[in-house]
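Descriptive analysis of the structure
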Amino acid sequence: MIIAEIGQAHDGSLGNAHAFIDALAETGVDAVKFQTHIAEAESSSFEPFRVKFSKQDDTRFDYWKRMEFTPEQWKGLKAHCEEKNLKFISSPFSNAAVNLLESIQVESYKIGSGEIGNFLMLEKIARTGKPIMLSSGMSSFEELDKTVDFLRPFGNALSILQCTTAYPTQPEQWGLNVMAELKARYQVPVGFSDHSGDIFACLAAATFGAEIFEFHVVFDKRQFGPDSPASISIDQTKVLCEGIKKIQSALRNPVVKSENQKYSELKVMFGKSLAVNKALPKGHLLTVDDLESKKPGDKGIPASQYQLVLGKELNRNLEKWDFLNSEDLKTDS
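Calculation criteria
Residues numbered from 1 in each chain as written. Predicted model: local features only at pLDDT ≥ 70, side-chain atom pairs only at ≥ 80, totals over all residues. Heavy atoms only, no water. Axes fitted to C-alpha atoms, helices over the stretch in contact; angles between N-to-C directions. Helix = DSSP H or I, 4+ residues; strand = E, 2+ residues; numbered from the N terminus. Parallel < 35°, antiparallel > 145°, perpendicular 65-115°, else oblique. Left-handed = near helix turned anticlockwise from the far one by under 90°. Contact = heavy atoms within 4.5 Å. Nonpolar A, V, L, I, M, F, W, Y, C, P; charged D, E, K, R; others polar. Buried < 20%, exposed > 50% of the residue type's maximum accessible area, 1.4 Å probe, protein only. Pairing = 2+ DSSP bridges. Right-handed = clockwise from strand over helix to strand, strands pointing away. Core = buried A, V, L, I, M, F, W, Y, C linked by side-chain atoms within 4.5 Å. Arc of directions from axis to C-beta. Lys, Arg positive; Asp, Glu negative; His and termini not counted. Salt bridge = Lys/Arg side-chain N within 4 Å of Asp/Glu carboxyl O.

The name an unreviewed UniProt entry assigns to the protein is N-acetylneuraminate synthase, from the organism Algoriphagus halophilus.

As structure tokens, then:
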């Protein structure tokens, strides 16, 4: 599954949110993901993030408020996704947000890395029976163990994404190796949640066998938003989707290097046969300086066997560029 995260890139504009859905429907992604924030439910006055955040918002709390949509607006966004054959996914950050998403019949949940230890919310989600994707960005294996152990008894379909909480993520922080460790440890589908701001990390993750890809998108990386530096553009998204699908096709079709029969004709066409590079008389003893290799590969002794003719005596005159065949050589009596 390829998931484009709109997150807060809509900047509180319902029109922008719908515009993202239209644009992403042309890129090849399978799903779009939002974040469902209900400021009063998830934040308190003690939160360090309640600071001046933008020219438009006095505090981060005001920004979260501006990111909210009404249940009817969320329902419209989900319906728009379905019209475009896109799966609608959202990350809730409170029980109230889960209630809202349940009211619009969301099909699956993505858990942000900061919510991995929020067992109160996780139980509420787990009791829906719906698939859960866990983002592992801030978590150690020990913390993930506790979360997975907590969720397994509920029976939800689980998947885990390797993620690094750094915006933008540098190559040395991608942690591509962790996907194999997650797969071996939990025996669930694994993927890669990217914050690098380019397409390379997800392409690399595809070569490592990632099954789920998630990345932030923006119309333009210069637009305002906390995730813009860690996002890719709509145009980049299309290229990324094509690349992921081609890499996955390659992985599904391993090449058996020893099976090269289909190249037989080409090997003759581009192969080389031995020839002489000057006129040579009968009785001449061949040296390496007398030889040339010429196409095609079926007109003389193969060039790979040149050492076998060195020191051999010609039994007839040869013209310059004549191919050299075994019958041109005197046989030992």
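**Side note on the packing of helix α5 (residues 95-103) against helix α6 (residues 119-126)**
Between α5 and α6, the shortest axis-to-axis distance is 9 Å and the interhelical angle comes to 15°. Considering their axes alone, α5 and α6 lie roughly parallel with respect to each other. Remark: the crossing between α5 and α6 carries right-handed chirality. On α6, the residues touching Asn 95, Val 98 and Asn 99 of α5 are Leu 120, Met 121, Lys 124 and Ile 125. When grouped by side-chain class, the residues that make up the contact of α5 with α6 number four nonpolar, two polar and one charged.

**A word on the environment of Gly 311**
Its place among the elements puts Gly 311 in the segment after β11 (291-294). Residue Gly 311 is classed as partly exposed on the basis of its relative accessible area, which comes to 48%. Residues Gly 311 and Ala 9, 302 residues apart in the sequence, show an inter-C-alpha distance of 77 Å. If we ignore the near neighbours within four places in the chain, the residues touching Gly 311 are Leu 285 and Leu 286.

**Some remarks on the pairing of strand β5 (residues 132-135)**
Both faces of β5 are covered, namely the face carrying Ile 132 and Leu 134 and the face carrying Met 133 and Ser 135. As judged from the three bridges shared by strand β4 (residues 109-111) and β5, these two strands associate in the parallel manner. Across the sheet, Tyr 109 pairs through a bridge with Ile 132, a residue of β5. Once the chain exits β5 it traverses helix α7 (residues 141-151) before rejoining the sheet at strand β6 (residues 158-163), and the crossover so formed is right-handed.

**What to know about the nonpolar core**
Proteins that are soluble and globular tend to have nonpolar side chains buried together. If you look at the biggest cluster of nonpolar residues, it comprises 63 residues, and the most contacted ones within it are Ile 6, Phe 34, Phe 88 and Phe 215. Of the residues forming this core, the biggest block, six residues, is contributed by helix α9 (residues 200-207). Setting aside residues no more than four positions away along its own chain, Phe 215 makes contact with Ile 2, Ile 3, Ala 4, Glu 5, Val 29, Asp 194, Cys 202, Ile 232, Thr 237 and Leu 240. If you look at the next biggest cluster of nonpolar residues, it comprises 11 residues, including Leu 291, Leu 314, Leu 318 and Leu 324.

**Some details on α6**
All of the buried residues along α6 are Met 121, Leu 122, Ile 125 and Ala 126. The arc that holds every buried residue of α6, seen down its axis, measures 135°, which confines them to one face. Buried residues belonging to α6 abut β3 (87-92), α5, β4, β5 and α7.

**Remarks on the side chain of Asp 227**
By the secondary structure assignment, Asp 227 is in the loop between β8 (212-218) and β9 (231-233). Of the side chains bearing the opposite charge, Arg 60 lies closest to the buried Asp 227, which forms no salt bridge; the N-O distance is 6.7 Å. Residue contacts for Asp 227: discarding those within four places in its chain leaves Gln 8, Tyr 167 and His 216.

**Here we look at the packing of α7 against helix α8 (residues 178-186)**
Direction vectors running N to C along α7 and α8 enclose 40°, while the axes themselves pass 12 Å from each other. If you check the angle between α7 and α8, you find them oblique. Crossing geometry of α7 relative to α8 is assigned as right-handed. Across from Phe 141, Leu 144, Asp 145 and Val 148 in α7, the residues of α8 making contact are Val 178, Glu 181, Leu 182, Arg 185 and Tyr 186. Grouping the amino acids of the contact of α7 with α8 by side-chain chemistry returns six nonpolar, no polar and three charged.

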